[in-house]
Amino acid sequence: MDKILYRSTNRKSKLVSFKEALLQGQAPDYGLYVPIKIPKISKEELESFRNKKYADIAYIVVKKFLQDEINDKDLRKLTKESYNFDVPIERIEKNLFLMRLDRGPTASFKDFAARLMARLMHYFAKKENKKLIVLVSTSGDTGGAVADAFFGLKEVNVVILFPKNGVSEMQRKQMTTLGKNVRAFAVNGAFDDCQAIVKQAFNDKDLKNLNLTSANSINFGRLLPQAVYYFYAYSRLGKDKIIFSVPSGNFGNLMGGLIAKKMGLPVEKFITAVNENDEFPKFLKTGKYKPVEPSKKCSSNSMNIGHPSNLVRLVDLYGGWLYDKRDKSGKVIKKGLLKVKPNMKKLRKDIASFSITDKEVNEAIKRVYLKYKKLLEPHGAVGWCALERYIKNNKAYLVVSLETADPAKFPNEIKKVLGVEPKIPKSLAGLRKKEEHFEVIDKNYETLKKELLR
Ligand SMILES: *Cc1c(COP(=O)(O)O)cnc(C)c1O
């Protein structure tokens, strides 16, 4: 087996191992790491998944990328610890399914990636006797999932940046009530501001000795675990090619699926479901890419992203080259330039994309609740609406829509639409009463830098 190395989408940085890509987060040339080739899953392996548990499927998929960088026993242990919760696949109608990715400890699908990534980072850091600072910007759910996944580890400190007025109360409390090795900063600005500040920190030479790494989906270690639930869906649902509807923000969720497809998973199509931040469906249609600036505020707040960071990887996967233009100091002066256009024909064959308004989201939450007695929250509703729109005009064999959060994380939105409050799962109970600790900072990098150097 040839060793799988990782290259930067900007093609200047040297090739690195999985471990280095994981611990660095972003490549020094500001590109994102991608594997030089994507390993295959054989038909026999795919068949064997049918009677395997989630954790065992995760082990097989992830092992293909890590190869001998970790021994079998350790990886088995880490996947088993990571995936100790249910992944229900609910039938809504004959060939329409909802896969619930919201049963992890922080009630969002971010747990799938955060839990394994945290364990892998900890594993490699400990082996090298390194202390890490995990720096993460969040539009809502990443912060909580990452905080939970790293909480209490001695070798790792976590620093979270979130937009002060951009997250729900539940989401905020998941990040601000833990304390210990988890510090949270509320930024006077939008998610894109948080993301920009974090990216600048990664490329600041003054911070070299801090061993900063990213827990955002710019980190390949965050993407890889997200390929697994697509395999899991196939293992439970049978032989037809599946159409997946994927609620998308930074496109980590979608990239996980595209990697699974490249590995050999029979997928008919991915429906990329976005809220009113519609830069991607427009790009798919016209071939011209223009970020939405500033990003629009929609009820699916974790998807309020006007320039998805993983679009760089997606374009790369289809033979193109997307990058942000920077000045000498590394500051972005123009976002989202296409140096090489991807194969649009192939892209359109694999992916359909729809932008869904908040009004449509509310109607869908109501419709699905009344018709099927199922409760969706805003992100899952964006996915469901996109699914409905797709099957109106296309043949649909087997469609799986992803529900990415528990409705209880958005009690106000649900109450506004349905007049009832969602039931609170065990994982979220008690959160309301806990004491919060966080600092408010302006949206400039220097403030964060001072805090990190302290
Ligand atoms: C993060 C998130 C998304 C979007 O996922 P991306 O990987 O950023 O595309 C969708 N739904 C919820 C609930 C999320 O937290």
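Use the structure listed above.
Residues numbered from 1 in each chain as written. Predicted model: local features only at pLDDT ≥ 70, side-chain atom pairs only at ≥ 80, totals over all residues. Heavy atoms only, no water.

Caption draft 1: Local environment of the site of the ligand. The full set close to the ligand counts 15 residues, and Lys110, Asp141, Gly249, Asn250 and Thr404 are the nearest of them. At 2.7 Å, a side-chain N or O of Lys110 approaches an oxygen atom of the ligand. One of the side-chain N or O atoms of Thr404 is found 2.7 Å from a nitrogen atom in the ligand. Across the complex, the protein chains shield 98% of the 380 Å² of accessible surface that the ligand would expose by itself. The cavity that encloses the ligand is the largest cavity. Here the residues of the shell around the ligand sort into five nonpolar, eight polar and two charged. (Near = heavy atom within 4 Å. Polar contact = N/O pair within 3.5 Å; in protein donor to acceptor, adjacent residues only side chain to side chain. Areas by Shrake-Rupley, 256 points an atom, 1.4 Å probe, with all protein chains shown as cover. 1 Å grid on protein atoms, 1.4 Å probe; cavity = no way out; pocket = protein on both sides within 12 Å on 5 of 7 lines; lining within 4 Å. Sits in = over half its atoms within 2 Å of the grid points. Nonpolar A, V, L, I, M, F, W, Y, C, P; charged D, E, K, R; others polar.)

Caption draft 2: Summary view of the nonpolar core. Residues Leu120, Leu135, Leu161, Phe231, Phe244 and Leu314 are the most contacted members of the largest nonpolar core, which totals 122 residues. Once residues within four sequence positions are removed from consideration, Phe231 is found in contact with Ile41, Leu46, Phe49, Ile57, Val61, Ala260, Met263 and Leu265. Ranked by size, the runner-up nonpolar core spans 27 residues in total, among them Ile356, Tyr372, Ala386 and Ile414. (Core = buried A, V, L, I, M, F, W, Y, C linked by side-chain atoms within 4.5 Å. Buried < 20%, exposed > 50% of the residue type's maximum accessible area, 1.4 Å probe, protein only. Contact = heavy atoms within 4.5 Å.)

Caption draft 3: Local environment of the side chain of Asn277. Structurally, Asn277 is set in the loop between strand S10 (267-274) and helix H12 (279-286). Residue Asn277 is classed as buried on the basis of its relative accessible area of 2%. Of note is the side chain of Asn277, whose polar atom sits 3.0 Å from the side chain of Asn275. Polar contacts involving the side chain of Asn277 include one to the main-chain amide nitrogen of Lys296, which spans 2.7 Å. If sequence neighbours within four positions are ignored, Asn277 has contacts with Val292, Ser295, Lys296, Cys298, Met303, Asn304, Ile305 and Gly306. (Helix = DSSP H or I, 4+ residues; strand = E, 2+ residues; numbered from the N terminus.)

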